Every structure is written in structure tokens, then in C-alpha cells.
Amino acid sequence: MDKQMKEKPTFDQFNNYLKEAVAGIAGQAAGDRDRWVEIGDEVKRADILQLLKKRLESEYGVELVWGESIIFADQPLESVAIQLHHVYSTVYLMERINNKIRNRNR
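In this text, all values refer to a predicted model and were calculated from it rather than measured experimentally.

Quick notes on the pattern of salt bridges
Moving on, step 1. Evaluated as defined, the whole model comprises 7 salt bridges.
Moving on, step 2. For Glu-20, the salt bridge is made with Arg-55, and the minimal N-O distance between the two is 2.2 Å. Taken as a pair, Glu-20 in helix α1 (residues 11–26) and Arg-55 in helix α2 (residues 42–60) lie far apart in primary sequence, 35 residues in all.
Moving on, step 3. On the accessibility criterion, Glu-20 (43% relative accessible area) is partly exposed.
Moving on, step 4. Lys-53 is paired through a salt bridge with Glu-63; the nearest N and O atoms lie 3.1 Å apart. Linking Lys-53 in helix α2 with Glu-63 in the loop between α2 and α3 (77–104), this pair joins segments that are 10 residues apart in sequence.
Moving on, step 5. Linked by salt bridges that have partners in common, Lys-6, Glu-20, Arg-55 and Glu-59 make up one network.

Observations concerning α2
Moving on, step 1. Relative to the 27 Å expected for 19 residues at 1.5 Å per residue, α2 spans 26 Å between its end C-alpha atoms, a close match to the ideal helical length.
Moving on, step 2. Turning to α2, its buried residues number three or more, namely Arg-45, Ile-48, Leu-49, Leu-52, Lys-53, Leu-56 and Tyr-60. Along the axis of α2, the buried positions cluster into a sector of 135°, meaning they face one direction only. Facing away from the buried side of α2, by more than 90 degrees, are the exposed residues Val-43, Lys-54 and Ser-58.
Moving on, step 3. On the buried face of α2, the contacting elements are α1 and α3.
Moving on, step 4. In this structure Asp-41 caps α2, since a side-chain oxygen of it lies 3.2 Å from the backbone nitrogen of Val-43.
Moving on, step 5. Immediately beyond the C-terminal end of α2, within one or two residues, lies Gly-61, with a positive phi of roughly 75°.

Concerning the packing of α1 against α3
Moving on, step 1. Following both chains from N to C, one finds α1 and α3 inclined at 120°, their axes separated by 10 Å at the closest point. With respect to α3, the element α1 is oriented oblique. Two packed elements cross with a definite hand, and for α1 against α3 that hand is right-handed. The segment α1 lies against α3, with Phe-11, Phe-14, Asn-15, Leu-18 and Lys-19 engaging Leu-77, Glu-78, Ala-81, Ile-82, Leu-84, His-85 and Tyr-88.

Topic: the environment of Ala-21
Moving on, step 1. Checked against the element boundaries, Ala-21 lands in helix α1.
Moving on, step 2. Note: C-alpha distance between Ala-21 and Phe-11 (10 residues apart in sequence) is 15 Å.
Moving on, step 3. Among all residues touching Ala-21, those that are not within four sequence positions of it are Ala-26, Ile-48, Leu-51 and Leu-52.

Looking at the nonpolar core
Moving on, step 1. Ranked by internal contacts, the top residues of the largest apolar core, which has 27 residues, are Trp-36, Ile-39, Ile-48, Leu-52, Leu-56 and Leu-84.
Moving on, step 2. Taken together, the elements giving at least two residues each to this core come down to α1, α2 and α3.
Moving on, step 3. The leading source of residues in this core is α3, at 7 residues.
Moving on, step 4. With near-sequence residues (within four places) excluded, Trp-36 lies in contact with Val-22, Arg-45, Ile-48, Leu-49, Ile-70, Ile-71, Ala-73, Gln-75, Pro-76, Leu-77 and Val-80.

Conventions used here
Note that residues are indexed from 1 along each chain, following the sequence as it is written. For this predicted model, a pLDDT threshold of at least 70 governs which residues receive local features, and a threshold of 80 or more governs which side-chain atom pairs are given and counted, while totals over whole chains, interfaces and linings are taken from all residues. Each side-chain value is worked out from all heavy atoms of the structure, with water and hydrogens disregarded. Here, a salt bridge means any side-chain nitrogen of Lys or Arg that lies within 4 Å of a carboxyl oxygen of Asp or Glu. The helix and strand labels rest on DSSP assignments: H or I over at least four residues marks a helix, E over at least two residues marks a strand, and numbering proceeds from the N terminus. A simple rule labels every residue: compare its accessible area, found with a 1.4 Å probe on the protein chains alone, to the largest value its type can have, and call it buried under 20%, exposed over 50%, or partly exposed in between. Take the number of residues in a helix, subtract one, and multiply by 1.5 Å to get its expected span. Comment: arc refers to directions from the helix axis out to C-beta atoms. We call two residues in contact when some of their heavy atoms are within 4.5 Å. In protein, a polar contact means a hydrogen-donor-capable atom and an acceptor-capable atom, both N or O and within 3.5 Å, with residues adjacent in sequence counting only if both atoms are side-chain atoms; elsewhere, any N or O pair within 3.5 Å suffices. In this analysis, axes come from line fits to C-alpha atoms, helices being fitted only over the stretch in contact, and the angle between any two N-to-C directions falls in the range 0 to 180 degrees. Each angle receives one of four descriptions, namely roughly parallel if under 35 degrees, roughly antiparallel if over 145, roughly perpendicular if within 65 to 115, and oblique otherwise. Left-handed describes a crossing in which the near helix is turned anticlockwise from the far one by less than a right angle; the clockwise case is right-handed. Each nonpolar core is a collection of buried residues, namely Ala, Val, Leu, Ile, Met, Phe, Trp, Tyr and Cys, held together in the definition by side-chain atoms within 4.5 Å.

Written as C-alpha cells, this is what we have:
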């Protein structure tokens with residue numbers, strides 16, 4: 001493991017971070033089965049994702065990315081968390097590989 005990279009969050013940690021972002025932005029507790037599209041409006045959902053992104057970048061040093069369609073996803077919150085965690089895990093893995101290549105070239 002690269003010394004500069006903290007181990008990526010587990011799905012449960014990631015899901016809790018998302019729920020904390022919902023509570024912080026939308027001012028409401030959210031459960032796994034709550035419909036994502038019913039949590040605030042599209043601006044609030046985008047703000048929730050931005051808050052989650054900032055936390056992940058701050059704690060783990062890896063950026064969260066998403067497609068605009070996720071803001072309008074009519075799915076349970078847990079499904080949104082699964083999709084975002086999958087993408088985040090992929091980006092995290094790519095960053096680890098890039099760091100190893102960079103370190104090898106020094």
C-alpha cells in the first residue's frame with residue numbers, strides 16, 4: 001500500500017458519509033430505502049454530492065466523480081450509494097496504480 005494513500009472507505013462508511021451529507025444539506029435523516037429523487041430538489045442533491053466529494057477528497061485524497069444523471073436517479077438512496085461507491089472505488093484503484101508508476105519513475 002502506498003504510504004500517502006489511506007485505505008479506501010468500505011461501502012458502509014461511504015453510505016454513512018452520504019447519509020451525513022444528506023442530513024447536513026437537506027436537514028433530514030435519510031434511510032437506505034428513501035427515494036433519492038425525493039431528497040430535496042436537484043440543487044440540494046447536487047450540493048449533497050459536492051459535500052460528499054469534499055469529504056472524500058479531504059480524508060482519502062481521491063476525487064469522487066459522477067454523471068449528471070445521478071442527480072435525477074429515481075432509486076433508493078442505497079442504490080445511489082452503491083453506484084457512487086463503485087465509481088469511487090475504480091477511481092481510487094486508478095490513483096493507486098498511478099502513484100506506484102510515479103514512485104517507480106523517481
